[in-house]
Amino acid sequence: MKIDGRPYRTIWLADDGWSVEIIDQTRLPHDFAIARLTTVEEAAHAIRAMLVRGAPLIGATAAYGMALAAREAPDDQSLSRASDRLLETRPTAVNLRWALERMRRCLAELAPSDRAAAAYAEAAALCDEDVAFNEAIGTHGAGLIRQASEKAGGRAGDRVVNVLTHCNAGWLATVDWGTALSPIYKAFEEGIRLHVWVDETRPRNQGASLTAWELNHHGVPHTVIVDNVGGHLMQHGMVDLCITGTDRTTASGDVCNKIGTYLKALAAHDNGVPFYVALPSPTIDWTIDDGVRQIPIEQREGSEVSALTGRTADGRIETVTVTPEGSPVANYAFDVTPARLVTGLITERGVCPASREGLRSLFPDP
Ligand code: MRU
């Protein structure tokens, strides 16, 4: 995607040919800053502290983290330690485990002296694959937005389609294109008139800070709303469809995503609004069936709930406390939406029902 006319991905190799550059997402939307990763420890920190975030980008960063590790010390023990270190950074997005397993499979049979070059090549391939998957998700998902436009009675493009999304599942959450936002970008490019309701997504405000920033740069009409508005909008016919991303989808089609997704799915179900979830196949965890009981839900620092960071009128970035001193806070970062509430899964291979059969129809040999 382009920022001020210049194309960017969210992660790339620096000009020195070995260090890794990322967009520091903790600084957005007020400051576009690039951070440089030179060690596996810096890659682990970038994931844990959410300089990079979003399931596919977490996986891509872990892959480059293994390349940095292979450059630092390519022996079996050191690589195993590096992989464990990266794996412990964030528990919910399965793309992290998937990427690390892929990197370790690629490196296992090689002589240590060959590992660094192979790791960089594999990380680059994984990133290119992510971009291709997400673009394909966009093509399939745009069809659903086109249908919503046609359903309103006119030809495609005649009426504004209102799409609600939660968190940031845009290009910033992936290497490029995004998952939930990819269909929106494709439909927008096609000329379909649309408008996006952007849930602010407390506590870290990925919607207000990142999704809004992306849509703004792309010229896509949108409105930021607080997290509890969606149900009201749906009751009043102001949402045609919801599209969110996911951090882990079970083999049976349950989807785990940013906290609050489940409540949106309940509201959508109650109001007959289609609720789609967009995902590249590395986000599917084929080893589990029951999302509510089997997916580990990350709990993060309470300060993300008790404090808010923003820009003051004179341009300073400040953090303020919003809870009374002494009040305990809880910070569950994700929840699980059962498959029965999901209208369909938008994958790189097409749209399928959120069920074991649906996923198997597209991925017979995962
Ligand atoms: O905590 P985050 O910002 O990493 O959570 C991100 C999400 O929940 C996204 O919706 C999900 O990773 C899908 S991203 C394409």
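What you see is a predicted model, and the numbers here were worked out from it, not measured in a lab.

Definitions and limits used
Residues numbered from 1 in each chain as written. Predicted model: local features only at pLDDT ≥ 70, side-chain atom pairs only at ≥ 80, totals over all residues. Heavy atoms only, no water. Core = buried A, V, L, I, M, F, W, Y, C linked by side-chain atoms within 4.5 Å. Buried < 20%, exposed > 50% of the residue type's maximum accessible area, 1.4 Å probe, protein only. Helix = DSSP H or I, 4+ residues; strand = E, 2+ residues; numbered from the N terminus. Domains from an automatic or database assignment. Contact = heavy atoms within 4.5 Å. Pairing = 2+ DSSP bridges. Axes fitted to C-alpha atoms, helices over the stretch in contact; angles between N-to-C directions. Salt bridge = Lys/Arg side-chain N within 4 Å of Asp/Glu carboxyl O. Phe/Tyr/Trp six-rings, centres within 6.5 Å; stacked < 30°, edge-to-face > 60°. Lys NZ or Arg CZ within 6 Å of the ring centre and 35° of its normal. Near = heavy atom within 4 Å. Polar contact = N/O pair within 3.5 Å; in protein donor to acceptor, adjacent residues only side chain to side chain. Areas by Shrake-Rupley, 256 points an atom, 1.4 Å probe, with all protein chains shown as cover. Nonpolar A, V, L, I, M, F, W, Y, C, P; charged D, E, K, R; others polar.

**Q** Before we go on, may I ask you to explain the nonpolar core in this structure?
**A** In this structure, I11, I145, W171, I184, L241 and I243 are the most contacted members of the largest nonpolar core, which totals 74 residues. With 12 residues, helix α2 (residues 55-72) is the single largest residue contributor to this core. Taken together, domain 1 (2-127) and domain 2 (154-362) each give at least three residues to this core, which thus spans both. Among residues more than four places away in sequence, those in contact with W171 are M1, I3, Y8, R9, T10, I23, D176, W177, G178, Y185, W213 and E214. With 25 residues, the next largest nonpolar core counts L279, L341, L359 and F363 among its residues.

**Q** What is the right way to look at the sheet that holds strand β5 (residues 34-37) in this model?
**A** Hydrogen bonding along the main chain pairs the strands of a sheet, whether they run parallel or antiparallel. Taken in spatial order, the three strands of this open sheet run β3-β4-β5, and their pairing is antiparallel. For this open sheet the edge positions go to β3 (11-13) and β5, each flanked by a neighbour on one side alone. Strand-to-strand twist across the sheet, computed as the mean angle between neighbouring axes with direction ignored, equals 30 degrees. Alignment of strand β4 (residues 20-23) against β5, held across four bridges, turns out to be antiparallel.

**Q** I'm lost on the sheet that holds strand β12 (residues 275-278) in this one. Help?
**A** On the basis of which strands lie adjacent, the open sheet formed by seven strands has the order β8-β7-β6-β9-β12-β17-β18 and mixed pairing. Here the strands that pair on one side only, and so sit at the sheet edges, are β8 (222-225) and β18 (350-352). Ignoring strand direction, the axes of neighbouring strands in this sheet form an average angle of 25 degrees. Pairing geometry for strand β7 (residues 194-199) and β8, over four bridges, is parallel. Residue pairing in the sheet places D199 in a bridge with I225 of β8. Lying over the sheet, helix α5 (residues 112-151) contacts β6 (161-165), β7, β9 (241-244), β12, β17 (344-347) and β18, oriented at roughly 135 degrees with respect to β17. Helix α9 (residues 261-270) contacts β6, β7, β9 and β12 of the sheet and is inclined by roughly 145 degrees relative to β12.

**Q** So what exactly am I meant to see when it comes to the pattern of salt bridges here?
**A** As a working rule, side chains carrying opposite charge can pair if their charged atoms are close by. Within the structure shown, the criterion is met by 26 salt bridges. Measuring nitrogen to oxygen at the nearest pair gives 2.8 Å for the salt bridge that ties R85 to E88. The shortest N-O distance in the salt bridge between R146 and E190 comes to 2.7 Å. With R146 in helix α5 and E190 in helix α6 (residues 181-190), the pair connects residues that are 44 residues apart, well separated along the chain. Take R146: its relative accessible area is 29%, and that puts it in the partly exposed class. Linked through salt bridges whose partners overlap, the residues forming this network are R48, R90, R204, E298, R300, E301 and E304.

**Q** Mind showing me how you'd approach the packing of aromatic side chains here?
**A** The description of an aromatic ring pair rests on the distance of the ring centres and on the angle between the ring planes. In the structure shown here, the tally under the stated rule is six aromatic pairs. Centre to centre, the rings of Y8 and F32 are 5.1 Å apart; their planes meet at 70 degrees, and the pair counts as edge-to-face. With Y8 in the loop between β2 (6-7) and β3 and F32 in the loop between β4 and β5, this residue pair connects regions lying 24 residues apart in the sequence. When its relative accessible area of 11% is taken as the criterion, Y8 is described as buried. With relative accessibility at 27%, the residue F32 sits in the partly exposed group. Relative to F363, the ring of W286 lies with its centre 6.4 Å away and its plane at 65 degrees, an arrangement referred to as edge-to-face. Separated by 77 residues along the polypeptide, W286 in the loop between β13 (284-285) and α10 (291-294) and F363 in the segment after α12 (356-362) bring together distant segments of the chain. Residue W286 is classed as partly exposed on the basis of its relative accessible area, which comes to 25%. Residue class for F363 comes out buried when judged on its relative accessible area of 4%. Note that R71 overlies the ring of W18, its terminal NZ or CZ placed 3.6 Å from the centroid. Here the basic side chain of K258 rests over the ring of F334, its NZ or CZ set 4.1 Å away from the ring centre.

**Q** Whenever I open this one, unusual backbone geometry confuses me. Can you help?
**A** Backbone geometry follows two general trends: most residues other than glycine have a negative phi, and most peptide bonds adopt the trans configuration. Here the amide bond leading from L28 into P29 is cis, since omega sits at 10 degrees, within 30 degrees of zero. We note that M50 has phi near 65 degrees; this positive angle belongs to a residue other than glycine. Along the chain, the position of M50 falls in the loop between α1 (40-48) and α2. The exposure class of M50 is buried, given its relative accessible area of 3%. Its identity as a non-glycine residue notwithstanding, T201 has a phi of 70 degrees, on the positive side.

**Q** Would you mind going over the site of the ligand with me for this structure?
**A** Surrounding the ligand, one finds 19 residues, the nearest of these being A55, R90, Q206, N257 and K258. The contact in question runs from an oxygen atom of the ligand to an N or O atom on the side chain of D247, over 2.9 Å. Surface burial for the ligand is 100%, taken as the share of its 410 Å² of free accessible area covered by protein chains. Contributing elements (two or more residues each) for the shell around the ligand: α2 and β11 (255-258). When grouped by side-chain class, the residues that make up the shell around the ligand number seven nonpolar, eight polar and four charged.

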